[in-house]
Amino acid sequence: RQRQMCIRDRNHIVISREGTGSNQFKLYVNGAYVSAKTDSIDYNLGSAGASIGRRYGNTEFLDGKISLIRMYKGKAFTAEEVSNHYEIFKYRFGI
């Protein structure tokens, strides 16, 4: 069940850090799985802090709005959990 990301519309985007390898991420858009990627970046923040809305260590910024961010430590959402969360809360954002 593929849902398209709509430019200039609100979208529900989930990035879940989990999988068979270290630093494996799964991307979901509007409740549907899109892709997975494993990378070699060290995500231990140290004193640098997290960056949301810009590329880490860069000056490229998001040209848009972020209405809600949730971060869960120690919890990687399954595809079913992502889809259920999207279905339950999409009405709040007119999706």
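For clarity, every value in this text was computed on a predicted model and none was experimentally measured. (Residues numbered from 1 in each chain as written. Predicted model: local features only at pLDDT ≥ 70, side-chain atom pairs only at ≥ 80, totals over all residues. Heavy atoms only, no water.)

Novice: Please clarify how the overall build of the chain should be interpreted in this entry.
Specialist: The number of helices and strands found in the chain is 1 helix and 3 strands. In the chain, the succession of α and β elements from N to C terminus is β-β-β-α. A buried classification covers 17% of the 95 residues belonging to the chain. Put simply, of all contacts in the chain between residues at least 6 apart along the chain, 38% involve residues at least 24 apart. As displayed, the chain has an accessible area near 7800 Å², and 51% of this comes from carbon and sulfur atoms. (Helix = DSSP H or I, 4+ residues; strand = E, 2+ residues; numbered from the N terminus. Buried < 20%, exposed > 50% of the residue type's maximum accessible area, 1.4 Å probe, protein only. Contact = heavy atoms within 4.5 Å. Areas by Shrake-Rupley, 256 points an atom, 1.4 Å probe, with all protein chains shown as cover.)

Novice: I tried to follow the environment of phenylalanine 77 on my own but got confused; where do I start?
Specialist: Structurally, phenylalanine 77 is set in the loop between β3 (32–38) and α1 (79–89). Along the chain, phenylalanine 77 and arginine 17 lie 60 residues apart, while their C-alpha atoms are 8.4 Å from each other. Once residues within four sequence positions are removed from consideration, phenylalanine 77 is found in contact with Ser16, Glu18, Tyr28, Tyr72 and Val82.

Novice: Would you explain the pairing of strand β2 (residues 24–29) in this entry?
Specialist: Looking along a regular strand, one sees side chains alternate from face to face of the sheet. Alignment of strand β1 (residues 13–17) against β2, held across 5 bridges, turns out to be antiparallel. Directly across from isoleucine 15, in β2, lies its bridge partner leucine 27. Here β2 runs beside β3; their pairing, made up of 6 bridges, is antiparallel. Across the sheet, phenylalanine 25 pairs through a bridge with lysine 37, a residue of β3. Hairpin connection, β2 to β3: the antiparallel pair is bridged by 2 residues, and asparagine 30 has positive phi, about 50°. (Pairing = 2+ DSSP bridges.)

Novice: Looking at this structure, how should I read the sheet that holds β3?
Specialist: Note: strands within a sheet are paired through backbone hydrogen bonds, in either parallel or antiparallel orientation. Taken together, 3 strands build an open sheet; the order of strands is β1-β2-β3 and the sheet is antiparallel. Single-partner strands in this sheet number two, and they are β1 and β3. On average, adjacent strands in this sheet sit at an angle of 20° to one another, irrespective of strand direction. (Axes fitted to C-alpha atoms, helices over the stretch in contact; angles between N-to-C directions.)

Novice: Can you walk me through the pattern of salt bridges in this structure?
Specialist: Any two side chains of opposite charge can pair if their charged atoms end up close together. Within the structure shown, the criterion is met by 2 salt bridges. Here glutamate 81 and lysine 75 are joined by a salt bridge, their closest N and O atoms 2.9 Å apart. Residue classification places glutamate 81 among the partly exposed residues on the basis of a relative accessible area of 29%. Of the residues examined, lysine 75 reaches a relative accessible area of 36% and is grouped as partly exposed. Lysine 90 is the salt-bridge partner of glutamate 87, the closest N and O atoms lying 3.0 Å from each other. Overall, lysine 90 belongs to the partly exposed group, its relative accessible area being 25%. (Salt bridge = Lys/Arg side-chain N within 4 Å of Asp/Glu carboxyl O.)

Don't take any of this as a statement about function, it's just geometry.
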